[in-house]
Amino acid sequence: MLACKHIHERLNEAHDGELSPLRRMLLRLHLWICSPCRNADCSMKATFKALRGLRDCPPFKADVTSPEKPTE
Ligand SMILES: [Zn+2]
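These figures come from a predicted structure and were not determined experimentally. Every chain begins its residue count from 1, and numbering advances along the sequence as written. Restriction of local features to residues with pLDDT of at least 70 applies here, the model being predicted, together with a cutoff of 80 or more for giving and counting side-chain atom pairs; totals for whole chains, interfaces and linings are based on all residues.

S.K.: Sorry, what's going on with the overall build of the protein here?
M.R.: When helices and strands are counted, the protein shows three helices and zero strands. Each helix (α) and strand (β) of the protein, taken in turn from the N terminus, gives the series α-α-α. Here exposure depends only on C-beta density: within 10 Å of a residue's C-beta, 20 or more other C-beta atoms make it buried, 12 or fewer make it exposed, and intermediate numbers make it partly exposed, the C-beta atoms being placed from the backbone. Sorting the 72 residues of the protein into buried and exposed places 10% on the buried side. The helix and strand labels rest on DSSP assignments: H or I over at least four residues marks a helix, E over at least two residues marks a strand, and numbering proceeds from the N terminus.

Okay, structure coming up:
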């Protein structure tokens, strides 16, 4: 069985999608029986979701402070 310390190291890889199916299964198994790690996984999911949200935002436009001048 994987130790909690190792789980925390694996969580990052798991959320990055860098974990092999076997390791992912062991991780899930540990999360199933270990509530502290489940909580860590939960908060990490929230963090990754927030990061993904940031990435989905349109790039900041530098010209929003200078309104377009009407051309006539
Ligand atoms: Zn644990």
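Now that the structure is up, let's keep going.
S.K.: How should I be thinking about the confidence of the model for the protein in this particular structure?
M.R.: Every residue gets a pLDDT, meaning the predictor's confidence in that residue, from 0 to 100. Taken as a whole, the protein shows an average pLDDT of 82; of its residues, 79% reach a score of 70 or greater. Ranking the elements of the protein by mean pLDDT puts helix α1 (residues 4-16) last with 84 and helix α2 (residues 21-33) first with 92.

S.K.: Can you help me understand the packing of α1 against α2 in this one?
M.R.: In a packed pair of helices, the relevant descriptors are the angle between the two axes and the axis-to-axis distance. Interaxial angles span 0 to 180 degrees and are taken between N-to-C directions of axes, which are lines fitted to C-alpha atoms, for helices over the stretch in contact. Running from amino to carboxyl end, α1 crosses α2 at an angle of 125°, the nearest separation of the two axes being 11 Å. Between α1 and α2, the crossing angle belongs to the class labelled oblique. The element α1 and its partner α2 pack so that their crossing is left-handed. Across from Ile7, Arg10 and Ala14 in α1, the residues of α2 making contact are Arg23, Arg24, Leu27 and His30. Residue composition of the contact of α1 with α2, by class: three nonpolar, one polar and three charged. Roughly parallel means an angle under 35 degrees; roughly antiparallel, over 145; roughly perpendicular, 65 to 115; everything else is oblique. In a left-handed crossing the near helix is turned counterclockwise from the far helix by less than a right angle, and in a right-handed crossing that turn is clockwise. Residues are defined as contacting one another if the C-beta atoms placed from their backbone atoms lie within 7 Å. Under the convention adopted here, Pro, Cys and the residues Ala, Val, Leu, Ile, Met, Phe, Trp and Tyr are nonpolar, Asp, Glu, Lys and Arg are charged, and Gly plus all remaining residues are polar.

S.K.: What exactly am I supposed to notice about α2 here?
M.R.: An α-helical turn contains 3.6 residues, so a residue and the one three or four places further along point in the same direction. Expected span, for any helix, means 1.5 Å times one less than how many residues it has. A rise of 1.5 Å per residue sets the reference length of α2, with its 13 residues, at 18 Å; its end C-alpha atoms lie 19 Å apart and thus fit the reference within 8%. With one of 13 residues buried, α2 lies mostly on the surface of the structure.

S.K.: Teacher, can you tell me more about helix α3 (residues 35-56) here?
M.R.: A rise of 1.5 Å per residue sets the reference length of α3, with its 22 residues, at 32 Å; its end C-alpha atoms lie 31 Å apart and thus fit the reference within 8%. Sparse coverage of α3 is indicated by the burial of two of its 22 residues.

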